[in-house]
Amino acid sequence: MINKMSGESLDLTVRNIEHLKKIFPEVITDNEKIDFDMLKTVLGEVIENEQERYQFTWNGKKKMIAGAQRPSKGTLRPDFDKSKNFDTTENLYIEGDNLEVLKLLQKSYNNKIKMIYIDPPYNTGKDFVYKDKFTDGLQNYLEQTGQIDIEGKMIRTNTESNGRFHTDWLNMMFARLKISKNLLTDDGVIFISIDDSEQSNLKRICDEIYGENNFIGTIIRNTNSTKNQALFLSVSHEYCLVYSKNINILNEKHSDQKWAVDKNNIEEYKKRIAYLQGNNMSNDEITNELKELTKYPRFIDFTNYWYLDERGVYRKDNLGGVKNGNLEPLFNPLTNDYDSVPPGGYRYNSERLKKLVEDNRIHFHSDGSLPTIKRYLEENSKQRPKSIMSDDQRPDYNFFKENNLNFDNPKQLTFMKRIISIMDSDSIILDFFSGSATTAHATMQLNSEDNGNRKFIMIQLPEILDEKSEAYKDGYRTICDIGEERIRRAGEKIKKELQEKQLQSSILDERTVDPESLDIGFKVLKLDTSNIREWNVDFSNLEDELDLYESIFVEGRSELDTVYEIMLKQGLELTYPIEIFEVDDQTIYDIAFGSLFICLSNRITPEIAKAIIVRRDEQGSETSSVIFCDSGFINDSDKLNCIEILKDAGYPEDNLLTI
């Protein structure tokens with residue numbers, strides 16, 4: 001007997017029951033229900049029976065959680081025209097309601113995302129708010145995007161006069177944060193930007209979803225702009241909450257390797273130094289200029305990095321500060337005499353001190369001050385991420401202006417680069433409120449700088465632009481259009497800069513990036529109803545009419561649409577390679593080098609099964625599955641023969657499915 005493939009995304013409720021079953025098998029009844037009386041017995045005194053207790057709740061919270069966990073029957077359809085380097089890229093750009101998309105990604109990307117960053121609506125009363133109908137999320141999305149309801153309006157304000165002002169926002173955020181957590185690796189981290197409007201509520205729902213013990217901290221980000229300029233305070237900052245999925249695993253991984261990022265605005269500081277040097281100023285004059293420059297908050301990380309020699313800019317550091325150190329004095333070439341020994345002695349032995357002097361790493365003074373060691377900025381460019389960050393947003397606006405792109409308040413590229421750089425260089429980065437796609441831009445930029453292999457997944461609702469906006473006048477119709485175009489242009493700009501750098505440099509090292517190998521592409525996928533008619537019964541009255549159709553496939557959909565849907569619902573990453581081969585003019589799809597074979601032909605014969613086995617053996621795949629279109633078998637005999645041939649070749653029955 002061959003099994004029918006399910007058309008739904010992962011059922012989170014069923015998975016939660018499975019987790020509970022592993023921990024407390026005795027609480028599961030014969031009909032796979034939860035015996036709460038037994039669960040209370042097992043948990044003993046841990047059960048909370050008090051009616052009055054500290055908790056964070058709001059109207060509709062339970063209904064929202066139940067709806068958010070309901071499986072989706074939708075799919076993600078590839079859009080080849082809007083994509084770039086579709087066949088080779090490992091990056092994804094998904095157009096759709098992020099709640100439905102996150103549900104659909106549960107199988108393919110469970111426990112694979114190293115970092116989530118989101119910049120959600122701040123609920124200021126003017127920005128976009130998702131209006132969820134948790135009972136029919138996909139239907140709601142199709143109405144919002146005009147694919148069903150001719151109105152097609154997605155934008156609505158959430159004013160404070162609305163009695164559900166905070167409730168609507170909490171329902172929207174809690175649902176998405178709850179199910180996106182499943183996608184994080186055990187040592188994964190989430191960063192969430194927010195302002196004062198909902199910061200306190202966001203902190204409380206994150207404490208509930210991730211646990212207070214997994215709270216890492218709050219970044220205060222200087223926005224270099226001001227708002228709420230009323231009578232009392234001009235606000236020029238935003239927040240970014242940081243949570244780990246499991247702080248114990250994160251601590252274990254980083255026990256000997258703490259988080260490190262570039263010092264704030266280091267590239268700009270270096271440019272300032274180069275500018276001063278270009279004006280033929282003496283080192284002493286440059287030192288005086290740098291002392292003034294580091295009084296500004298944006299350059300505070302470079303305080304004391306004021307001095308220069310032929311090796312670069314450096315700060316002076318203490319050579320003493322120890323007990324029972326080396327008491328042998330150092331000869332000062334500036335005074336032609338021996339300097340005093342620091343109290344407690346030098347921290348290095350005589351041989352090491354001699355080597356430091358020979359390498360010109362000791363700063364001597366002519367005024368009788370103790371000698372110091374030189375700490376070069378180039379060797380100390382990293383630091384622990386600070387909870388207060390300040391970045392120059394002018395380059396971001398310049399990029400948009402130069403490329404004729406219009407987007408209000410894009411996230412700072414340098415800020416995004418800094419937090420993404422904390423993660424491993426082969427991480428998958430997810431942003432499910434993509435906006436102008438700064439996260440994608442930052443990911444490509446970092447890869448170009450350190451030869452990393454980070455991949456991004458962007459998710460964005462195709463929000464319709466105001467017809468009066470500059471972006472609409474420039475030919476863009478949705479936020480997705482702007483984000484996708486930014487990725488295209490940013491990728492080409494990064495590649496061009498690499499090519500120019502390669503031409504100018506005669507020295508290549510392991511960090512040098514080949515411009516042609518840099519992944520600046522992205523696959524565009526769009527949320528839609530299923531490609532299989534019988535999987536769409538929730539969205540139209542087809543249940544009693546299926547026999548009227550000659551094909552189970554929705555009209556106007558391609559075979560590749562269905563292939564991607566099968567990959568998604570079988571739990572394969574959507575960037576896996578797809579190869580095509582034919583047997584008797586019938587097409588077979590080979591996914592991920594023999595991991596999955598799909599044949600949607602209307603003439604499936606035993607010869608196809610035999611060809612699949614040969615292909616699997618050539619690929620050397622240890623685990624493999626096969627999915628056929630059930631209506632493609634000419635008769636039951638051919639179907640039975642195909643199954644037996646595959647089983648005889650080692651295919652388990654559970655790995656043989658039909659649609």
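Fair warning: this is a prediction, and the values are worked out from it, not measured in the lab.

Draft legend 1. Spotlight on the nonpolar core. Counting residues in hydrophobic clusters, the biggest one holds 74 residues, and the most contacted among them are L76, L105, L177, L202, L574 and I659. Every residue in contact with L574, bar those within four places of it in the chain, is listed here: L76, L92, L105, Y109, K523, L525, Y564, M567 and L568.

Draft legend 2. The arrangement of the environment of T478 in detail. You can see T478 is positioned in the loop between α15 (470-473) and α16 (479-504). Through-space distance from the C-alpha of T478 to that of L465 is 5.2 Å; in sequence the pair is 13 residues apart. With residues up to four places along the chain from it excluded, the contact list for T478 reads P462, E463 and L465.

Draft legend 3. Molecular detail of empty space enclosed by the protein. Applying the stated criterion to the full structure yields one cavity of 30 Å³ or more. By volume, the largest cavity is sized at about 60 Å³. The set of elements that each furnish at least two residues to the lining of the largest cavity consists of β5 (184-194) and α8 (247-253). Residue classes in the lining of the largest cavity are distributed as five nonpolar, one polar and four charged.

Draft legend 4. Representation of the sheet that holds strand β1 (residues 3-4). Pairing in this open sheet of six strands is mixed, and the strands run β1-β24-β23-β22-β21-β20 from one edge to the other. Every interior strand has two partners, whereas the edge strands, β1 and β20 (578-583), have only one. Pairing between strand β23 (residues 625-628) and strand β24 (residues 656-658): three bridges, direction parallel. Residue V626 lies in a different strand from β24, and its bridge partner there is L656.

Draft legend 5. Local environment of the packing of aromatic side chains. For the structure shown, the criterion picks out 20 aromatic pairs. A centroid spacing of 6.4 Å and a plane angle of 25 degrees characterise the contact between F191 and W259, whose relative ring orientation is stacked. One end of the pair, F191, is in strand β5; the other, W259, is in the loop between α8 and β8 (261-262), with 68 residues separating them in the sequence. Taken together, W306, Y307, Y314 and Y376 form an aromatic cluster joined through their ring pairs. Stacked on the ring of Y348, the Lys or Arg R352 has its end atom at 4.7 Å from the ring centre.

Draft legend 6. Quick peek at the sheet that holds strand β9 (residues 307-309). With antiparallel pairing, four strands are arranged side by side in an open sheet as β9-β10-β14-β13. Either end of the sheet is taken by a strand with one partner, and the two such strands are β9 and β13 (362-363). Summarising the sheet, strand β10 (residues 312-318) and strand β14 (residues 372-376) pair through five bridges and their orientation is antiparallel. The residue of β14 that forms the bridge with N318 is T372.

Draft legend 7. Representation of the pattern of salt bridges. In this structure the tally under the stated criterion is 46 salt bridges. Among the ionic pairs, R77 bridges to D561, the shortest N-O distance being 3.2 Å. Separated by 484 residues along the polypeptide, R77 in strand β2 (residues 75-84) and D561 in helix α17 (residues 559-570) bring together distant segments of the chain. Between D630 and K639 there is a salt bridge whose closest N-O contact spans 2.7 Å. When its relative accessible area of 25% is taken as the criterion, D630 is described as partly exposed. Each of R77, D528, R557 and D561 takes part in one network of salt bridges that share partners.

Draft legend 8. Region of interest: the pairing of β20. Bridge count for β20 against strand β21 (residues 586-591) is six bridges, and the pairing is antiparallel. Residue pairing across strands places E582 opposite T587, the latter belonging to β21.

Draft legend 9. Fine view of helix α14 (residues 438-450). Taking 1.5 Å as the rise per residue, α14 with 13 residues should run 18 Å; its terminal C-alpha atoms sit 18 Å apart, in good agreement. For α14, the tally of buried residues reaches eleven of 13 residues, placing the bulk of the element in the interior. Restricting attention to buried positions, one finds in α14 the residues T438, T439, A440, H441, A442, T443, M444, Q445, L446, N447 and S448. Contact partners of the buried residues in α14: β4 (113-118), α12 (394-402), α13 (413-420), β17 (428-431), β18 (455-460) and α16.

Draft legend 10. Molecular detail of the packing of helix α9 (residues 266-278) against helix α10 (residues 283-293). Closest axis-to-axis distance for the α9/α10 pair is 10 Å, and the angle between their directions is 145 degrees. With respect to the hand of their crossing, α9 and α10 are arranged in right-handed fashion. Contact residues: α9 offers Y269, R272, I273, L276 and Q277, while α10 offers I286, E289, L290 and L293. Of the residues assigned to the contact of α9 with α10, the class counts are six nonpolar, one polar and two charged.

Rules behind the numbers
- In every chain, residue numbers begin from 1 and rise along the written sequence.
- pLDDT decides what is reported in this predicted model: residues at 70 or higher carry local features, side-chain atom pairs at 80 or more are listed and counted, and totals for whole chains, interfaces and linings draw on all residues regardless.
- To get the side-chain values, all heavy atoms of the structure are used, and hydrogens and water are removed first.
- Remark: nonpolar core denotes a set of buried residues (Ala, Val, Leu, Ile, Met, Phe, Trp, Tyr, Cys) joined through side-chain atoms within 4.5 Å.
- With a 1.4 Å probe rolled over the protein chains alone, any residue whose accessible area is under 20% of its type maximum counts as buried; one over 50% counts as exposed, and the rest are partly exposed.
- Here, two residues are considered to be in contact whenever any of their heavy atoms come within 4.5 Å of each other.
- The helix and strand labels rest on DSSP assignments: H or I over at least four residues marks a helix, E over at least two residues marks a strand, and numbering proceeds from the N terminus.
- Any residue with an atom within 4 Å of a point lines the site, the site being either a cavity, points on a 1 Å grid over the protein atoms alone where a 1.4 Å probe fits but cannot get out, or a pocket, an open set with protein on both sides within 12 Å along at least 5 of 7 lines.
- Grid points are joined across faces, edges and corners, and a volume is the space filled by probe spheres set on the points.
- Basically, the charged four are Asp, Glu, Lys and Arg, the nonpolar ten are Ala, Val, Leu, Ile, Met, Phe, Trp, Tyr, Cys and Pro, and anything else, Gly included, counts as polar.
- We call two strands paired when DSSP finds no fewer than two bridges between them.
- When two rings of Phe, Tyr or Trp (its six-membered ring) have centres within 6.5 Å they constitute a pair, described as stacked for plane angles under 30 degrees, edge-to-face for angles over 60, and tilted for the intermediate range.
- Lysine NZ or arginine CZ positioned within 6 Å of the ring centre and within 35 degrees of the ring normal marks a charge as sitting over the ring.
- When a carboxyl oxygen of Asp or Glu is within 4 Å of a side-chain nitrogen of Lys or Arg, the pair counts as a salt bridge.
- Helix span, expected: 1.5 Å multiplied by one less than the number of residues in the helix.
- Interaxial angles span 0 to 180 degrees and are taken between N-to-C directions of axes, which are lines fitted to C-alpha atoms, for helices over the stretch in contact.
- Take the far helix as the reference: if the near one is turned anticlockwise from it by less than a right angle, the crossing is left-handed, and if turned clockwise, right-handed.

It is worth stressing that arrangement in space is one thing and function is another; only the former is reported here.
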